[in-house]
Amino acid sequence: MRARRYDPTETKARVLAAAHMLFSRQGFANTGTADIAREADVSEGSIFYHFGSKKALLQELGRRHGEAMIAAMEEGYTLEDLEPGITVPRVLRFVRDNMIWEGAEAECADCGPKAAMASNPDAEPFYHAAKAVTTDWIKRHMQAALAKRGVTGVEIDIAASFTHHVVGDAIDRWLCAATPEEADRVERETVRYIRAASGYPLD
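Q: Explain the overall build of the chain to me, please; I cannot follow it from the model alone.
A: Counting its regular elements, the chain contains nine helices and zero strands. Across the chain, helices and strands are ordered from the amino to the carboxyl terminus as α-α-α-α-α-α-α-α-α. When the 203 residues of the chain are sorted by exposure, 44% land in the buried category. For the chain, the share of sequence-separated contacts (at least 6 apart) that also reach a separation of at least 24 residues comes to 66%. Split by element, the accessible area of the chain, about 11,300 Å² in all, is 52% carbon and sulfur.

Q: Honestly, the environment of Ala 123 in this entry has me stumped. Any pointers?
A: Looking at the secondary structure, you find Ala 123 in the loop between helix 6 (113-119) and helix 7 (124-149). Separated by 65 residues in the primary sequence, Ala 123 and Leu 58 have C-alpha atoms spaced 7.2 Å apart.

Q: Quick question: what am I supposed to make of unusual backbone geometry here?
A: The phi angle of most residues is negative, glycine excepted, and most peptide bonds adopt the trans form. The residue Asp 41 is not glycine, and still its phi comes out positive at about 60°. For Asp 41, the location among the structural elements is in the loop between helix 2 (33-40) and helix 3 (44-51).

Q: How do you make sense of helix 5 (residues 84-97) when you look at a structure like this?
A: Since the α-helix turns once every 3.6 residues, residues separated by three or four places project in the same direction. A rise of 1.5 Å per residue sets the reference length of helix 5, with its 14 residues, at 20 Å; its end C-alpha atoms lie 20 Å apart and thus fit the reference within 8%. Restricting attention to buried positions, one finds in helix 5 the residues Pro 84, Ile 86, Thr 87, Val 88, Pro 89, Val 91, Leu 92, Phe 94 and Val 95.

Q: So what exactly am I meant to see when it comes to the packing of aromatic side chains here?
A: Each aromatic ring pair is characterised by the separation of its centres together with the angle its planes make. All told, the structure shown has four aromatic pairs when counted by the stated rule. Seen in terms of ring centroids, Phe 23 and Phe 28 are 4.8 Å apart; in terms of plane orientation they differ by 35°. Their pairing is tilted. Residue classification places Phe 23 among the buried residues on the basis of a relative accessible area of 0%. By relative accessible area, Phe 28 is classed as buried at 0%. Plain terms: the ring middles of Phe 28 and Tyr 127 are 6.2 Å apart, the flat faces sit at 65° to each other, and that makes the pair edge-to-face. Placement of the pair is Phe 28 in the loop between helix 1 (8-26) and helix 2 and Tyr 127 in helix 7, with a sequence separation of 99 residues. Residue Phe 28 shares its accessibility class with Tyr 127, and that shared class is buried. Taking NZ or CZ as reference, Lys 12 lies 5.8 Å from the ring centre of Phe 51, over its face.

Reading guide: rules and limits
- Residues numbered from 1 in each chain as written.
- Predicted model: local features only at pLDDT ≥ 70, side-chain atom pairs only at ≥ 80, totals over all residues.
- Heavy atoms only, no water.
- Helix = DSSP H or I, 4+ residues; strand = E, 2+ residues; numbered from the N terminus.
- Buried < 20%, exposed > 50% of the residue type's maximum accessible area, 1.4 Å probe, protein only.
- Contact = heavy atoms within 4.5 Å.
- Areas by Shrake-Rupley, 256 points an atom, 1.4 Å probe, with all protein chains shown as cover.
- Expected span 1.5 Å × (residues − 1).
- Phe/Tyr/Trp six-rings, centres within 6.5 Å; stacked < 30°, edge-to-face > 60°.
- Lys NZ or Arg CZ within 6 Å of the ring centre and 35° of its normal.

Pasting the structure below:
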């Protein structure tokens, strides 16, 4: 069957939705542009026309994933009023509910974003694009929150990078927790650590 023709905006939306669904089901490495074209009911050539390459498509999905994560963290709050007790639980649950990497149901030793990225080099553009978006947000959030509290002298670039790594490690530990109690400890201590590192009171 021949693929249908859609207007450019709909074509891009269909390709992105199909790619997201297929990556969720069968992983990045096992999904080709032909698979995506069939699922989206578009020509394979239209994928390259609109995105240039599979890598660029992955980057766009990564950016959108990062933007959706930011929206989930920000919901109902201004940037300067957000604090770790709000953002950390939200990001943990967002990642749990929006895992699209291979191995999401694997054994503990193999689960989480870091393990997935290590075992799926084909997915690297997705993760790097998502990281760039979220790290930029961390910088803006830290600047706003520190300014509101009158805190100065913080090297934002370094602090944001550290925070991203801490949260990334927390995500892996939280997803791989053997019990709900262990997951609660990871979440609680991550909030405490980031609050302490950001100069918040620990009460």
